[in-house]
Every structure is written in C-alpha cells, then in structure tokens.
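# Reading the structure
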Amino acid sequence: MSGVPVITVDGPSGAGKGAISYMLAKHLGWHLLDSGALYRVTGQACLIEGVSWDDHPAVSEVARHLDVVFSAASNGEILVAYKGVDVSGDIRTEEGGRGASTVAAIPAVRAALLQRQHEFKRLPGLVADGRDMGTVVFCDANLKLFLTASATERAQRRYEQLIAKGQNVNLPRLLEDIKERDARDSSREISPLVPAEDAIVIDSSATPINDVFAQVMLEVKKKGFI
Ligand code: C5P
C-alpha cells in the first residue's frame, strides 16, 4: 500500500468532515472514502435482512458479506447500493445514524470492514473520512486532520440540513441524539473517537466552511501535495 498519499479527516458527526473531505478529494482529484457510509449500510442491511442490531454474531456475518457498491451521481453526490438497490437516502436518516453507531461498536464488524477500507487506498491518493481513519485504519497517513465543533452548533447545522430536505425534525431531540452518539462513539472500547496524537485539530464552531477549507488547504500545501 506504500506510495499512495492519504489524508485522514476524523471527528464527530456534524463537524463538517463530509463537506471538507468531498471538497478536498475534488480539489486534489483523489479518491474519497466515506467510512461512515459502510457502517450505515451495515445497519441498514440488518434491517433489510431482519437481523437485530444487538445480535452481534449475525450483524458481523452481515458485515462480512456486505454487498455494497459506491458510485458517483452526475451531480457528484455519492450513491450507495446494497444488493443492487439504492439505499443512499435510507442510510442518511437519524435511524440510519443510530444503526451505524450501534453496529460500529461491535469489534467483529470493524474487523470485517477494515480490508474494504484499505481497498480505497489507490493512486493518485485518498481522502478518508471517519472516526478512526488516522488512529487505526490509516495510521501511517501523510496528513491527519481532526475536525470538531460544539454539540449545539452541530445540532443546529443538522437541523438546517434536514429542514432543507423537507424532513420534520425537532432541534432539542437532535441535540440529544448527537450527544448520545458522541458518548457512544467516544466511550466504546474499540476505535473510540479521539484525535490521533499527530492530528491537526480544527474547531469549526464559529468558522464558515470555506474558511475551514482554506485552513485545511494551508496544511495540504505545507505537505507539498499542491
Ligand atoms: O460519519 P457518519 O455520521 O456517517 O457515521 C455514522 C456512524 O458510524 C458514527 O456515529 C460512528 O458510530 C460510526 N463510524 C465509525 N467509524 C468510522 C466512521 C463511522 O465508528 N470510521
């Protein structure tokens, strides 16, 4: 796997990782790994197959045989298909997030998805978006970023996104969900959400996304990628 540059972008949900990773991959012309989507599809596949998220051996089996295909829509959006059926919308719901974070705490699920994540590391380079990209999956990455923002700010952003999509959402409930998911992701025994020791931490609470991207690009330049 050597010789392929990797930039990891980790952090809690709603910190802007998805947008920054997408902008970065597009700007550099590199591949993009949305590792959260793999956990989300695993949770969704369990619902489809009638497997309870608490049945660890059965969930792990689903992860080991996950028939998932990523493709890019003409507008650049990433489409995700499970067994040939588009599940892009289903996996992005609040329930999709809960399922992902529940199955992601199962060690055998993380092990099953590791090799798939490594397969995204191809020339000319990879931007990997997730929780443990810099600490576990690509610990030899050339540049590690950790994006964060206050829970209140992340809930507000999520609220605006969902309202724009026409979904009926409640802000206090979203904030509770975010705090619950943060607690589950940060306290789990395997691959908890923590910045890598050599990560550059960027707090985007009071910073517009374009300014965060400019800050990220400075780090990318320092590494000589552009
Ligand atoms: O990034 P996204 O919100 O799509 O991730 C959904 C869930 O998947 C996270 O809350 C986390 O529990 C899990 N996840 C993970 N490791 C990753 C990416 C996501 O545990 N690398």
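Before any of the text, the structure's been laid out above.
Note that the coordinates shown come from a computational prediction; the quantities given were computed from them, not determined experimentally.

So, on to the sheet that holds strand β4 (residues 78–82). With respect to topology, 3 strands assemble into an open sheet ordered β3-β4-β5, the strand pairing being antiparallel. Only two strands of the sheet have a single partner each, and these edge strands are β3 (68–72) and β5 (85–86). Against the sheet, helix α2 (residues 35–49) touches β3 and β4, its axis set at about 35° to β4.

Here we take up the side chain of S35. Summarising the element assignment, S35 is placed in helix α2. Here S35 falls in the buried class, since its relative accessible area comes to 2%. In this structure the side chain of S35 is engaged in a polar contact, spanning 2.6 Å, whose partner is the backbone oxygen of D129.

As a further point, take the sheet that holds strand β2 (residues 31–34). Read from one edge of the open sheet, 5 strands run β2-β6-β1-β7-β8, paired in parallel fashion. Edge positions in the sheet fall to β2 and β8 (200–203), since each has one partner strand and no second. Across the sheet, the mean angle separating the axes of adjacent strands is 20° when strand polarity is ignored. Sheet strands in contact with α2 are β2 and β6 (126–130), and its direction is about 40° off that of β2.

Right, let's talk about the packing of aromatic side chains for a bit. Taken as a whole and judged by the stated rule, the model has 2 aromatic pairs. Both rings, one in F70 and one in F120, keep their centres 5.8 Å apart while their planes meet at 80°; by these two values the pair is edge-to-face. Remark: F120 occurs in the loop between α5 (107–118) and β6 and F70 occurs in strand β3; sequence separation between them is 50 residues. Judged by relative accessible area, which is 25%, F70 ranks as partly exposed.

Cut-offs applied
- Residues numbered from 1 in each chain as written.
- Predicted model: local features only at pLDDT ≥ 70, side-chain atom pairs only at ≥ 80, totals over all residues.
- Heavy atoms only, no water.
- Pairing = 2+ DSSP bridges.
- Helix = DSSP H or I, 4+ residues; strand = E, 2+ residues; numbered from the N terminus.
- Contact = heavy atoms within 4.5 Å.
- Axes fitted to C-alpha atoms, helices over the stretch in contact; angles between N-to-C directions.
- Buried < 20%, exposed > 50% of the residue type's maximum accessible area, 1.4 Å probe, protein only.
- Polar contact = N/O pair within 3.5 Å; in protein donor to acceptor, adjacent residues only side chain to side chain.
- Phe/Tyr/Trp six-rings, centres within 6.5 Å; stacked < 30°, edge-to-face > 60°.

Purely spatial values, then, with no claim about function.
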